[in-house]
Amino acid sequence: MTRSSRPKGTQDFVPPESIKKTRIEMLFRELATVYGYQEVVTPTFEHTEVFIKSSGSASDIVQKEMYTFTDRAGRNLTLKPEGTPGVVRAVLENNLRLPCRLFYISPCFRYSRPQKGRYREFYQLGVEAIGESSPLVDAETIIFGATFFTRLGITEFTIKVNSIGCRHCRPAYREKLLTFLREKQKKLCPDCQTRMEINPMRTFDCKNTSCQLLLNDAPLPKRHLCPECTAHFEEVIDSLKSTPFNWKLDEHLVRGLDYYNRTTFEYVSGVLGAQSSLGGGGRYDYLFEEFGGPVTPAIGLAIGLERTILALPEGSPFNTASRRNLVFIVWTGPAEMAAARELLNILRQENIPALMTYEPVRVKRQFHLADIAGARFCIIVGEEELKGNLYALKDLITGEQSIVPAEKIVPTFSSLRLSSERI
Ligand SMILES: [Zn+2]
Ligand SMILES: [Zn+2]
């Protein structure tokens, strides 16, 4: 039998690396909960129209990157290329009361060229604040992402922010940009020539250097805002000024989706090379209407898990894949094994992660098994210890050894106790 390999552009998260993923997701859950968000889980695939309606038919996602298929009954379905459209659909379909704050952790799928930190199946961590229009929510969303990175130990990042206007100021700006682009049409890449007629702002996203050079002289959205958009954006900026985070205005930042309006933002990190974006987001005040819903202001962000892992600095506690908080119980003979099993049960009942082997192997081999398991601690149950109602304890990271009375063993490990009841 030949072994199978994973499809191009996918990756396996295996231990101990998978611990990083778990920890990052747990932090995200925690922080989102602290900010008043609740989890939403939508299907991995949706009717294709959900994404065409939202991302825009001119977007690279819809044009080139979707995994679209027909099911056995002839339905046209697509694996989600991003999180937001499914959330909007779900909010309307389930008649959720507004305002509501939702977060998700979800795999997404895009058929793009695999590169460092860019996969065809990737994970997005996202939040959506739905039904809130205040610029203070925009600032709060931007700060949420920045706080998340900071708690992970990632400090080398900059927040780029911009405003791209609303349905009142954008039409006049769009015409102005279109006139500019039409004059340069022949010099633009074929993609931009198509894009400009559907959504001229999309040309700002072009990776082509010659297009970028031409666009240096283009009229910019931020300079064509109506008074309401200007005031809204000023308040966002004012809020950012009082934070410790690095941020800058980037007037070319429009982001690759048709549904954004007003505030757009992105977190970029120099440590990532060409794939510099850790995530980003923006306001999407008109998307609910595209889905047949009522006027509903909203703003969200999405963070790329894989790039976040790449950006973790050496010293970050989220970057240690060495040992996990697991107690491995080592025993010396059949009588001690029975006592070890009792202790195993006690620890597990207290929600303290614990493991032992049932194989009759020597102590040395058991320490080796603790190593394979990646355990942080060993408890040794030996004849002497049983007699004295004591346990020998070894920290496998520091090498430190100690003797702990039996009744102190649970309190000793209480910091390892897991809890799922507090959300
Ligand atoms: Zn406006
Ligand atoms: Zn171009």
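Residues numbered from 1 in each chain as written. Chains lettered and ligands numbered in written order. Predicted model: local features only at pLDDT ≥ 70, side-chain atom pairs only at ≥ 80, totals over all residues. Heavy atoms only, no water.

**Examining unusual backbone geometry**
Then, number 1: Residue proline 15 is joined to proline 16 through a cis peptide bond whose omega torsion reads 0°.
Then, number 2: Assignment of secondary structure puts proline 16 in the segment before helix H1 (17-34).
Then, number 3: Positive phi is not limited to glycine here, since arginine 262 has a value of about 50°.
Then, number 4: Even without a glycine there, the phi angle at asparagine 351 is positive, about 65°.
Then, number 5: In this fold, asparagine 351 is placed in the loop between helix H12 (334-349) and strand S13 (354-356).
Then, number 6: Asparagine 351 sits in the partly exposed class, given a relative accessible area of 40%. (Helix = DSSP H or I, 4+ residues; strand = E, 2+ residues; numbered from the N terminus. Buried < 20%, exposed > 50% of the residue type's maximum accessible area, 1.4 Å probe, protein only.)

**Let's talk about the coordination of the zinc ion (ligand 2)**
When a metal carries six donors in an octahedron, the ideal angles between them are 90 or 180 degrees, while four donors in a tetrahedron ideally lie at 109.5 degrees.
Then, number 1: Surrounding the zinc ion (ligand 2) are the protein donor atoms Cys189 (SG), Cys192 (SG), Cys206 (SG) and Cys211 (SG), at 2.2 to 2.3 Å.
Then, number 2: Viewed at the metal, the four donor atoms of the zinc ion (ligand 2) are separated by angles of 106 to 112°, and the geometry they form is tetrahedral.
Then, number 3: Read N to C, the donor residues that coordinate the zinc ion (ligand 2) are spaced as C-x2-C-x13-C-x4-C. One end of the pair, cysteine 192, is in helix H7 (residues 190-198); the other, cysteine 211, is in helix H8 (residues 209-215), and 19 residues separate them in sequence. This pair shows no difference in class: cysteine 192 is buried, exactly as cysteine 211 is. (Donors = N, O, S within 2.8 Å, 3.2 Å for Na, K, Ca; no water. Tetrahedral: all angles 85-135°; square planar, octahedral: opposite > 155°, others 65-115°.)

**Some remarks on helix H13 (residues 363-373)**
Then, number 1: Taken as a whole, H13 has its buried residues at Gln366, Leu369, Ala370 and Ala373. Along the axis of H13, the buried positions cluster into a sector of 105°, meaning they face one direction only. More than 90 degrees from the buried face of H13, the exposed residues found are Lys364 and Ile372.
Then, number 2: Buried residues along H13 sit in contact with strand S12 (324-331), S13 and strand S14 (375-381). (Arc of directions from axis to C-beta. Contact = heavy atoms within 4.5 Å.)

**Considering the sheet that holds strand S2 (residues 45-47)**
Then, number 1: Taken together, three strands build an open sheet; the order of strands is S2-S4-S3 and the sheet is antiparallel. Of all the strands in the sheet, the pair left with one neighbour each is S2 and strand S3 (68-70). Taking each pair of neighbouring strands and ignoring which way they run, the sheet shows an average axis angle of 35°.
Then, number 2: Here three bridges tie S3 to strand S4 (residues 76-79), and the two strands are oriented antiparallel to one another. From the neighbouring strand, phenylalanine 69 faces S4, where its bridge partner is leucine 77.
Then, number 3: Relative to S2, helix H2 (residues 48-55) is tilted by about 80°, and along the sheet it contacts S2, S3 and S4. (Pairing = 2+ DSSP bridges. Axes fitted to C-alpha atoms, helices over the stretch in contact; angles between N-to-C directions.)

**Observations concerning the side chain of asparagine 199**
Then, number 1: The topology assignment puts asparagine 199 in the loop between H7 and H8.
Then, number 2: Beyond its immediate stretch of four places on either side in the chain, asparagine 199 contacts Arg174 and Asp258.

**Section: the pattern of salt bridges**
Between side chains of opposite charge, pairing is possible as soon as their charged atoms come close.
Then, number 1: Scanning the entire structure with this criterion turns up 23 salt bridges.
Then, number 2: Of the charged contacts, one joins arginine 283 and aspartate 138 as a salt bridge, the two residues approaching to 2.6 Å between their closest N and O atoms. Of this pair, arginine 283 sits in strand S10 (residues 277-283) while aspartate 138 is found in helix H5 (residues 135-151), placing the two residues 145 residues apart along the sequence.
Then, number 3: Overall, the relative accessible area of 0% leaves aspartate 138 in the buried class.
Then, number 4: Across the pair aspartate 395 and arginine 376 runs a salt bridge, and its minimum N-O distance is 2.9 Å. Of this pair, aspartate 395 sits in strand S15 (residues 390-395) while arginine 376 sits in strand S14; the two residues are 19 residues apart in sequence, bridging distant segments of the chain.
Then, number 5: Given a relative accessible area of 23%, arginine 376 falls into the partly exposed group.
Then, number 6: A network of salt bridges, in which partner residues are shared, links Glu46, Arg89 and Glu93. (Salt bridge = Lys/Arg side-chain N within 4 Å of Asp/Glu carboxyl O.)

**Some details on the coordination of the zinc ion (ligand 1)**
Then, number 1: On the protein side, the zinc ion (ligand 1) has Cys166 (SG), Cys169 (SG), Cys226 (SG) and Cys229 (SG) as donor atoms, found 2.2 to 2.3 Å from it.
Then, number 2: With four donor atoms in place around the zinc ion (ligand 1) and angles of 101 to 114° between them, the coordination shape is tetrahedral.
Then, number 3: Look at where the donors of the zinc ion (ligand 1) fall in the sequence and you get C-x2-C-x56-C-x2-C. With cysteine 166 in the loop between strand S7 (158-163) and helix H6 (170-184) and cysteine 226 in the loop between H8 and helix H9 (227-241), the pair connects residues that are 60 residues apart, well separated along the chain. When sorted by exposure, cysteine 166 lands in the same class as cysteine 226, which is buried.

**Quick word on the nonpolar core**
Then, number 1: Core analysis: the biggest nonpolar cluster contains 41 residues, and Ile130, Leu177, Phe204 and Tyr284 have the highest contact counts within it.
Then, number 2: Per-element accounting of this core gives the leading share, five residues, to H6.
Then, number 3: Aside from chain neighbours lying at most four places away, what touches tyrosine 284 is Thr84, Val88, Glu128, Ile130, Tyr259, Asn261, Thr296, Ala298, Ile299 and Gly300.
Then, number 4: In this structure, Leu31, Ala146, Leu152 and Phe233 belong to the second largest nonpolar core, which totals 40 residues. (Core = buried A, V, L, I, M, F, W, Y, C linked by side-chain atoms within 4.5 Å.)

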